[in-house]
Amino acid sequence: MKAVVFEQYGDPAEVRDVPEPHPAEHGVVVRVEATGLCRSDWHGWQGHDPDITLPHVPGHELAGVIESVGTRVTHWHPGDRVTVPFVCACGTCAACAAGDQQICVRQTQPGFTHWGSFAQYVALDHADVNLVAIPDEMSFATAASLGCRFATAFRAVVQRGRVAAGEWVAVHGCGGVGLSAVMIAAASGARVVAVDISPEALALARKFGATECVDGTRTPDPAQAVRELTGGGAHLSLDALGSPATCANSVNGLRRRGRHIQVGLLPSASGTTPVPMARALALELELLGSHGMAAHTYPPMLELVRAGVLRPDLLATATITLEETPAALAAMGTAPGAGVTVIEPWS
C-alpha cells in the first residue's frame, strides 16, 4: 500500500510503498477512505510524543470500510462503514470498566503508538470496544472528523465543560477543534467569543455561530478583551490550540467560578506548563483536561449530526491527496490554515 512515512523527527515525510497491515486477533484493518490532517499529527512529526517509534506513518482521524477482521472480533464484519476515536481502549482495565475508555490505562493510538491512517489501510485495536458505525447518509470526510476534532470538542464543551444556554464561552484557537467547539457551544445556546490570529479562521468562527471575535494580532491582551466582551469573563473557556500563551489567556479570561478546559496538547521541554494558579485560587476556577471521547458516548452527538443541529461537514475546507500530504504536514508549523483538511488516500 501507499503511505506517508517519516524516518526522523522533523525530517521531510514522503509517500512510499510499505507492507499492508494485518489485523490483531481483537482488531480490524480498515481501508481508509478519508483521514484528517490534525495539529496532533504535526506534534508527533516534531517528536513531541514519546510513544512514536521510527520510522513512522502518522494519522489518527479516520473513516473507512473494514477490510478484514481478527478471529476474536464479534460485532464487525468486512464491508462495515466505521470510524474510531483516536484513543483505542483495551476494554478491560479499571478506567474502561468505569466507562472512561478515553483515558484507558493500556490505550493505543493509531498514528502514535503504531502506524496510522496517512495510508491506504490502517490496523485498529480492540474493535468491539472502539469502532463506531457510520450512518449510510454520512460522507467519509464528515465521519473522519468525528474520530478526533469534533468528538473531542463535543466532549470538552458538553460533557466536561457542562455548557449551558446563555453562558459565555471563549474558544482560544480556531483550528479544527476550536471551530468544532464554536459550533457545538453555539448550538447549545451559548454566546461564543472566538480568539485567533487568523482572519480566515475568525471568519469561519463567526459563520459557525461566534457572537464576538478577538484578533490576537490586534489585541495586546486577549484575556482582557474576553472579560470586557462578556461583562466580567467567560463562564467556560477552552484552550483549543495548546500553547502556554493560549492556556494562560483562557484561564485569565474567566469570570469567578469559571471553568477552563485544556484541549490542545501542551508540549514543553520540562513537561510542565505555567498556569495562572493564583487567579484559579482567588476566583475558585475549575481547571479540567479533556482527552477525546469514548466510542460508547458517540450516539447523542451522532443524533445531533443526523438532525442537522451540528454540521461537521461544513468544517472540511480542503481535500488533498497522499502525495500532497507531506508538504501540508510541514506547513502546519507556520501556517496551519483555516478549517479542516481531509486526505483521500485513494484519489
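Scope of this entry: the structure provided in the associated data block. (Residues numbered from 1 in each chain as written. Predicted model: local features only at pLDDT ≥ 70, side-chain atom pairs only at ≥ 80, totals over all residues. Heavy atoms only, no water.)

1. What to know about the packing of helix α5 (residues 149-160) against helix α6 (residues 176-187)
We count it as follows: Each axis is a line fitted through C-alpha atoms, taken for helices only over the stretch in contact, and angles between the N-to-C directions span 0 to 180 degrees. In this description a helix means any DSSP run of H or I spanning at least four residues, a strand means any run of E spanning at least two, and both kinds are numbered starting from the N terminus. By the definition adopted for this analysis, an angle is roughly parallel if under 35 degrees, roughly antiparallel if over 145, roughly perpendicular if from 65 to 115, and oblique otherwise. Handedness of a crossing follows from how the near helix is turned relative to the far one, being left-handed for an anticlockwise turn of less than a right angle and right-handed for a clockwise one. Any two residues having at least one pair of non-hydrogen atoms within 4.5 Å are treated as being in contact. Throughout, the ten residues Ala, Val, Leu, Ile, Met, Phe, Trp, Tyr, Cys and Pro are labelled nonpolar, Asp, Glu, Lys and Arg are labelled charged, and all others, Gly among them, are labelled polar.
For the pair α5 and α6, the least separation of the axes is 8 Å and the interaxial angle reads 50°. By the angle between their directions, the pair α5 and α6 is classed as oblique. As for the relative orientation of α5 and α6, their crossing is right-handed in sense. Residues R149, F150, A153, F154, V157 and V158 of α5 touch α6, and the partners they reach there are G176, V177, S180, A181, M183, I184 and A185. Among the residues making up the contact of α5 with α6, the classes are represented as 10 nonpolar, two polar and one charged.

2. Some points on the environment of G289
To be explicit about the condition: A 1.4 Å probe rolled over the protein chains alone gives each residue an accessible area, and that area as a share of the maximum for its type sets the label: buried under 20%, exposed over 50%, partly exposed in between.
Within the element layout of this structure, G289 appears in strand β13 (residues 286-289). Overall, G289 belongs to the partly exposed group, its relative accessible area being 42%. A sequence separation of 191 residues divides G289 from A98, and the C-alpha atoms of the two residues are 18 Å apart. The residues contacting G289, other than those within four sequence positions of it, are R160 and Q262.

3. Points about the packing of α5 against helix α11 (residues 298-306)
Taken N-terminus to C-terminus, the directions of α5 and α11 make an angle of 110°; their axes are 11 Å apart at the nearest point. When the interaxial angle is binned, α5 and α11 end up roughly perpendicular. Here F150, A151 and F154 of α5 come into contact with α11, specifically with Y298, M301, L304 and V305. Within the contact of α5 with α11, the residues separate by chemical class into seven nonpolar, no polar and no charged.

4. A short note on helix α9 (residues 244-252)
At 3.6 residues per turn, the α-helix brings residues three or four places apart onto the same side. Here α9 has its buried residues at T246, C247, A248, N249, S250 and V251. Buried-residue contacts for α9 involve β8 (168-172), α8 (222-229), β11 (234-239), β12 (254-262), α10 (277-282) and β13.

5. Quick notes on the pairing of β8
As a reminder of what qualifies: The rule for pairing is simple: two strands pair if DSSP sees at least two bridges between them. With its strands directed away from the observer, a crossover is right-handed exactly when the path from the first strand over the helix to the second travels clockwise.
Taking burial as the measure, the five residues of β8 include five buried ones, the bulk of the element. Two elements, β8 and strand β9 (residues 191-196), share five bridges in a ladder whose sense is parallel. Bridge pairing links A170 to V193 in β9. Since β8 and β9 lie parallel, the crossover through α6 that links them has a hand, and here it is right-handed. The pairing of β8 with β11 spans four bridges and is classified as parallel. Directly across from V169, in β11, lies its bridge partner L236.

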